[in-house]
Amino acid sequence: MNPLDWWLLLAILLFCIGAFGVLSRRNIIVVVMSLELMLNAVNIALVATANFRGGSPGAGTLFSLFIIVLAAAEVTVGLAIVLANYRNRRTVQTDTFDDLKG
Amino acid sequence: MEGTAFMKTAVALIPLLPLLGFIVTLVLGKRFFGTKAHLLPVALVTVSAALSVYAFSWAFTHQHETFEWNAFTWVAAGRFTVEWGFQVDTLTGIMLLVVGIIGMLVHYYSIGYMHGDEGYYRFFAYLNLFMFAMFVLILANNYLLLFLGWEGVGLCSYLLISFWFRKKSASQAGKKAFLVNRVGDFGFTLGMFLIFTATGTLQFSGVFAHADEGLIAAGTMTWICVLLFTGAVGKSAQFPLHVWLPDAMEGPTPVSALIHAATMVNAGVYMVARSYPLFINSDGAMMLVMVVGTFTAIYAAYIAITQNDIKKVIAYSTISSLGFMFMALGAGAWVAGIFYLFAHGFFKGLLFLCSGSVIHAMGGEQDMRKMGGLRKKIPLTFWTMLVGALAMVGMVPFAGFWAKDEIVGGTFVRGYYVVWAVALVTVLLTAIYMGRLIFMTFWGENRSDAEVQAHIHESPPVMTVPLVLLAIPAALLGLVVGLPPESGWIHSFLEPVFFDVESEPFEWAGEGGLLMLVSLAVVIVGILIAHRLWVRDVEIPGRLAARFPATYAASYNKMYMDAIYEVVPIRSTINFAGWLWSFFDVKVIDGAVNGVAWLGGWAGDRLRPIQTGRVQNYTLYVFGGMVVLVVVLAWVWVS
């Protein structure tokens, strides 16, 4: 295995842990944290690939910078929604958010 | 041509004035005219009648010319153009005289008859509209404009039959007239289509020129004539489309006199006569016209004998008379047919107006069984009605005698012996039922309630003067225009229109005189029978009816024609409509609509479980979708 594969393996591992967290946890804050984990797994994959596959290393790092900014914005909005929801319901458990169920 | 400019003005004004009267009276009548609503329509119709007489006098002095004037192009669509065009020849002249004069007199009569009716203004508005349409019909120089007038008079007939629209039977009768006429008009329309495809024009002069040159194939010609005749059968109430005319008696009596006796019902006869150059080229169509006319004549006369409503009797006699006219046209006695139309307009209009006067005197009673003995109480009505009845049965020397004799004799001379025999029987029946009408109404003792009897009175002069004015032509017309028979003035007058008709000189001492004596003898026998049955021995009719119940019932029930219509076309239409409702509408249409809604509900029900309301489930679907997408893409990429 060349060094890139190790990094990609790490990225896959992190991504799967994140995905599992999103799907299995009911606490919405943990879900958001798991989401961050998935985003960062992608970041690692991008940076590692840029570093080991030659070409212009700037492109890969630039993408991960975009993702970091995006993630920050997303967390801001997401946590604001969580907070607003918490004020109404006094809970952050996702399985209680089922008002649209027919 | 001298006088053409004034003639144009006259021809334009004859229909326009009544149209103006109609519009003004209808719009302003209720609000402003009240009981004076008759003044304008009556004045305008009087002017129109005077102009009609002028147009007749023009035709009188220009017998071998045809005044033709295309005012403007009405329809222009490629090869198809129709002018708003008028023509006046001798045939039009006679029609103008009938329509103008009788129309005017009926207007005067209506002032008295309709006095105090809440629809007074409406009545005169409709009458004026009718005059407009009728004038357009007879002045038109092409089939389409004729058809406009044709439908116009049909509309007015409908409006005036159901004039007292609050009465259920009146509005039903109006509808019936309209629908039955539609059947005939459909044939007329098809006939016009066929004329246009065969000749490329609808103008009389153009169509007839084609026919004269033999440019229309024989089969097409027959179809054209048969289809046109279908229209005439509807409008002129011939068997089997006659059923509307007796019911049309629901309308006010002046309407029955004007529209359903003297003018509109003659439109079919006029149209067939106008299409003379077409009909003479089709022996089959001529035969059809004669057979239908002959059958209708005896059929209606048979029914008339047992009817008790005074207006119904006259209505059936009108159907019978129209049958006589068609018999004449079909047999080739064209002039005799128009002569009869001319005379019939006056004496039948007179009979209806007289019956109106009788009904007026009896306080609205129309049943002859409740009348009787009116001779002394309303003498003027009695004498004028007697003149009308004698003209109707064909008593010498009244108008009907000369006209009818030319028809009856004409069928014999032309070799249609069966038709002649049927016509003679019809003459006998006519004499019997007209005698019955007169004897039941004016002879014997009055059979109404004491209260009604106390109120019996002669009608006001505005009603009786038109009676007298109509009685004069009913009595004398035949002597003036019909003598000597077969070559009287009317023959030379109409000769330019019916250019091919040959008539043999009439021999007083020969065959002609003998035929005349025979038909006169039949009339006298008929009157004597009627006198015997309804004056001298009034028990006999009841005994006869009991003796021959089937014969009596067939006549009394109008040969079950209404029942047959009820069963065959009406019932089957209703059943078909019912099937459409219970099967097609409920099962197919509603089924499709409800099925779509049900499908939506069913699919929604099946899909509902996947909407759990849990965010994780939705996310799982997203992941699942992603996985499927990746697998598919990878598989595509590998292979």
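About the thresholds
Residues numbered from 1 in each chain as written. Chains lettered and ligands numbered in written order. Predicted model: local features only at pLDDT ≥ 70, side-chain atom pairs only at ≥ 80, totals over all residues. Helix = DSSP H or I, 4+ residues; strand = E, 2+ residues; numbered from the N terminus. Buried ≥ 20, exposed ≤ 12 C-beta atoms within 10 Å, placed from the backbone. Contact = placed C-beta atoms within 7 Å. Rg over C-alpha atoms; globule rule 2.2 N^0.38 Å. Nonpolar A, V, L, I, M, F, W, Y, C, P; charged D, E, K, R; others polar. Axes fitted to C-alpha atoms, helices over the stretch in contact; angles between N-to-C directions. Parallel < 35°, antiparallel > 145°, perpendicular 65-115°, else oblique. Left-handed = near helix turned anticlockwise from the far one by under 90°.

A.B. asks: Let's hear about the overall build of chain B: which residues, and what values?
C.D. replies: Of regular secondary structure, chain B possesses 26 helices and 2 strands. In terms of overall dimensions, chain B has C-alpha extents of about 120 × 65 × 55 Å along its principal axes. Taking all 639 residues of chain B together, the buried fraction comes to 52%. When contacts within chain B are restricted to residue pairs at least 6 apart in sequence, those whose partners lie at least 24 apart make up 80%.

A.B. asks: Can you explain the overall build of chain A? Please cite residues and give values.
C.D. replies: Regarding its fold elements, chain A presents 3 helices and 0 strands. When its helices and strands are written in sequence order, chain A yields α-α-α. At 17 Å, chain A has a C-alpha radius of gyration far larger than the 13 Å of a compact globule built from 102 residues. Viewed in the frame of its principal axes, chain A has a C-alpha envelope of about 50 × 25 × 20 Å.

A.B. asks: A description of the interface of chain A and chain B should follow, citing residues and the corresponding values.
C.D. replies: At the interface, 10 residues of chain A touch 10 residues of chain B. The class makeup of the residues in the side of chain A that touches chain B is 5 nonpolar, 2 polar and 3 charged.

A.B. asks: I'd like a rundown of the packing of helix 8 (residues 218-235) of chain B against helix 11 (residues 267-274) of chain B, residues and numbers included.
C.D. replies: All names here are of chain B. Their axes nearest at 7 Å, the elements helix 8 and helix 11 cross at an angle of 160°. With respect to helix 11, the element helix 8 is oriented roughly antiparallel. In this structure, helix 8 crosses over helix 11, and the sense of that crossing is left-handed. Mapping the contact onto sequence places Leu228, Phe229, Gly231, Ala232, Val233 and Lys235 in helix 8 and Ala267, Gly268, Val269, Met271 and Val272 in helix 11.

A.B. asks: Could you give me a rundown of unusual backbone geometry, with the residues and numbers involved?
C.D. replies: Of note, the bond from Phe239 of chain B into Pro240 of chain B is cis; its omega dihedral lies within 30 degrees of zero at 0°. Position of Pro240 of chain B among the secondary structure elements: in the loop between helix 8 and helix 9 (244-247). Residue Val396 of chain B is joined to Pro397 of chain B through a cis peptide bond whose omega torsion reads 0°. Considering the arrangement of structural elements, one finds Pro397 of chain B in the loop between helix 16 (379-393) and helix 17 (399-413). Notably, Arg90 of chain A is not glycine yet its phi reads approximately 60°, a positive angle. Here Arg90 of chain A is to be found in the segment after helix 3 (57-89). Unusually for a residue other than glycine, Ala237 of chain B sits at a positive phi of about 55°. Positionally, Ala237 of chain B belongs in the loop between helix 8 and helix 9.

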